[in-house]
Amino acid sequence: MKHEHSVQVATRIALVRIQQDYAALKDLTSFSLLDLFNHDQFNLEEYCSTYEPHPKTPELVNLVQEFGERYGIWLPNARHYVTSALFLFPDADFVRATALVKNLATDYYLNDTMGRELFKYLDRDKQSAARQIIQRMITIDEELQILPGSHGVELANAEMLAEIRDISPLPWFVEFLKLYSYHIEVTHKDNSAAALGYLPTVDEYISIRKHTSGMPHIISLAEYSDNRFLDWNWLAEVKMDAWMRRAHRACALFGCLTNDLFSFEKEVIDNNADCNLVMAVAFNNPEWSFIETIGHAANIVRNVLIDFTGLVEGIRERLPQLEDAEQVQAIEKHLRTLEKIVQASWMWQVYTRRYKRPGSIWKETQLSGEKKVAVV
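Residues numbered from 1 in each chain as written. Predicted model: local features only at pLDDT ≥ 70, side-chain atom pairs only at ≥ 80, totals over all residues. Heavy atoms only, no water.

Enquirer: So what exactly am I meant to see when it comes to the overall build of the protein here?
Expert: On a plain count of helices and strands, the protein comes out with 18 helices and two strands. Here the protein has a C-alpha radius of gyration of 21 Å; the compact-globule value for 376 residues is 21 Å, and the two agree. Along the first, second and third principal axes, the C-alpha atoms of the protein reach 55 × 55 × 40 Å. Taken over 376 residues, the protein has a buried fraction of 56%. (Helix = DSSP H or I, 4+ residues; strand = E, 2+ residues; numbered from the N terminus. Rg over C-alpha atoms; globule rule 2.2 N^0.38 Å. Buried < 20%, exposed > 50% of the residue type's maximum accessible area, 1.4 Å probe, protein only.)

Enquirer: For this particular structure, what's the right way to read helix α7 (residues 124-138)?
Expert: Given 3.6 residues per helical turn, the α-helix brings residues three or four places apart onto the same face. Look at α7: 21 Å from first C-alpha to last across 15 residues, which is about the 21 Å you get at 1.5 Å a residue. Q127, A130, I133, I134, M137 and I138 are the residues of α7 that are buried. Down the axis, α7 shows its buried residues gathered within 125° of arc, on one side only. Residues R124 and D125 are exposed on α7 and point more than 90 degrees away from its buried face. Between the side-chain oxygen of the N-cap and the backbone nitrogen of D125 there are 3.2 Å, and the N-cap of α7 in question is D123. (Expected span 1.5 Å × (residues − 1). Arc of directions from axis to C-beta. Polar contact = N/O pair within 3.5 Å; in protein donor to acceptor, adjacent residues only side chain to side chain.)

Enquirer: Mind showing me how you'd approach the pattern of salt bridges here?
Expert: Any two side chains of opposite charge can pair if their charged atoms end up close together. Applying the stated criterion across every chain, the model contains 15 salt bridges. E159 serves as the salt-bridge partner of R70, at 3.0 Å between the closest nitrogen and oxygen. One end of the pair, R70, is in helix α4 (residues 57-71); the other, E159, is in helix α8 (residues 152-165), and 89 residues separate them in sequence. Residue R70 is classed as partly exposed on the basis of its relative accessible area of 42%. Among the charged side chains, a salt-bridge network with shared partners connects E66, R70, K102, E159 and E163. (Salt bridge = Lys/Arg side-chain N within 4 Å of Asp/Glu carboxyl O.)

Enquirer: Help me understand helix α14 (residues 241-262), please; the structure alone is not making it clear to me.
Expert: Its 22 residues give α14 an end-to-end C-alpha distance of 32 Å, which sits within 8% of 32 Å, the value for a rise of 1.5 Å per residue. When you tally the buried positions in α14, you get 16 out of 22 residues, the bulk of the element.

Enquirer: Just checking my understanding: could you explain the packing of helix α16 (residues 277-284) against helix α17 (residues 290-318) for this structure?
Expert: A pair of packed helices can be characterised by two numbers: the angle between their axes and the separation between those axes. Running from N to C, α16 and α17 point in directions that differ by 120°, and their axes come no closer than 9 Å. Taken together, the axes of α16 and α17 lie oblique to each other. Here the hand of the crossing between α16 and α17 comes out right-handed. Residues L277, V278, V281 and A282 of α16 form the contact with α17, whose participating residues are T293, I294, H296, A297, I300 and V301. Of the residues assigned to the contact of α16 with α17, the class counts are eight nonpolar, two polar and no charged. (Axes fitted to C-alpha atoms, helices over the stretch in contact; angles between N-to-C directions. Parallel < 35°, antiparallel > 145°, perpendicular 65-115°, else oblique. Left-handed = near helix turned anticlockwise from the far one by under 90°. Contact = heavy atoms within 4.5 Å. Nonpolar A, V, L, I, M, F, W, Y, C, P; charged D, E, K, R; others polar.)

Enquirer: Looking at this structure, I do not really get the nonpolar core. What am I missing?
Expert: The nonpolar side chains of soluble globular proteins are, as a tendency, buried together. Counting 125 residues, the largest nonpolar core has L44, F264 and L277 as its most contacted members. Considering each element in turn, this core owes the most residues, twelve residues, to α17. (Core = buried A, V, L, I, M, F, W, Y, C linked by side-chain atoms within 4.5 Å.)

Enquirer: What exactly am I supposed to notice about the packing of aromatic side chains here?
Expert: Centre-to-centre distance and the angle between the planes together describe a pair of aromatic rings. Within the structure shown, the criterion is met by 18 aromatic pairs. Where F176 meets Y180, the ring centres are 5.9 Å apart and the plane angle is 5°; that geometry is what we call stacked. Taken as a pair, F176 and Y180 lie in helix α9 (residues 170-187) at a separation of four residues, close to a single helical turn. Relative accessible area serves as the criterion here: at 1%, Y180 is assigned to the buried category. The rings of F37, F254, F262, W346, W348 and Y355 are connected pair by pair, giving a single aromatic cluster. In this structure, R96 is placed above the aromatic ring of Y224, and the distance from its NZ or CZ to the ring centre is 4.8 Å. (Phe/Tyr/Trp six-rings, centres within 6.5 Å; stacked < 30°, edge-to-face > 60°. Lys NZ or Arg CZ within 6 Å of the ring centre and 35° of its normal.)

Here you go:
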């Protein structure tokens with residue numbers, strides 16, 4: 001009990017310090033995430049300049065709104081977030097894009113009603129009900145059987161998963177379902193430092209965050225989106241499997257850690273949550289100023305981006321040496337999709353109103369007004 005209390009005190013001290021420093025700076029200065037992520041001759045805005053979202057976005061959003069309303073999982077701000085699936089997979093055909101956007105609609109409903117930021121604020125009865133829903137969802141298998149009287153989100157989830165399963169290789173679907181279920185399991189509970197019982201290191205936090213973000217199963221869906229499923233046995237034979245897994249990890253980390261910065265104000269300032277990269281850096285470096293903390297967090301993201309682009313370049317350099325033309329084409333298409341996921345992770349978060357606010361410290365999420373942009 002004494003140890004638990006000390007963790008709660010430490011997290012509260014760090015949270016208050018960050019919030020106070022934020023309040024002191026937010027009306028005076030702002031930070032450009034673009035400038036923080038750029039490096040050497042690499043410019044993220046130029047890297048994303050060829051990106052275009054899904055051409056059927058309006059039609060698909062209307063379709064998924066009907067789906068959400070049918071199951072009672074359509075939230076007032078839903079149109080701002082379901083578009084993320086169409087940014088992530090702009091080349092998916094209409095049938096696959098429909099399932100992808102339903103997946104995001106289901107996941108975001110869970111996040112915004114019982115997710116890691118909100119779970120601790122639910123009363124005891126709602127926490128109990130949420131645990132039961134999540135337990136049923138994470139134990140569903142490839143047959144997708146659900147109990148009578150299940151919550152609407154469970155029905156929506158089963159419909160969405162069936163659409164994915166029925167046009168995919170079953171072995172791939174089983175592995176995808178494991179990733180997706182694990183994401184739901186770790187995300188929809190209190191993941192604060194106090195609940196963990198210790199202050200995680202930055203690396204430990206990043207490992208947790210990768211799965212709470214859902215990015216691993218999103219990366220898996222890249223194969224589904226392309227309707228080109230990787231042959232991992234062949235990748236191992238040509239000694240490319242480790243390269244591809246590292247590229248997947250870097251792609252996933254860029255998506256989730258950029259989100260930590262974009263959503264910093266929503267999570268840390270509004271909801272008093274400490275499950276955020278900025279807070280993980282603050283926990284482990286209490287002597288640092290707010291600007292130093294922001295700079296270090298952004299540097300982590302920048303290094304992930306450097307790693308991703310380097311890995312993709314390295315894989316492409318190996319492709320001309322490989323003899324299986326069909327597999328090479330599949331890898332080339334997969335790499336392009338991974339690049340679009342990275343581009344979308346930036347483009348959607350700049351585009352969406354989900355993180356926009358008056359007086360934001362991020363230049364990219366300010367609704368109005370200009371402030372001096374800080375250099376860190």
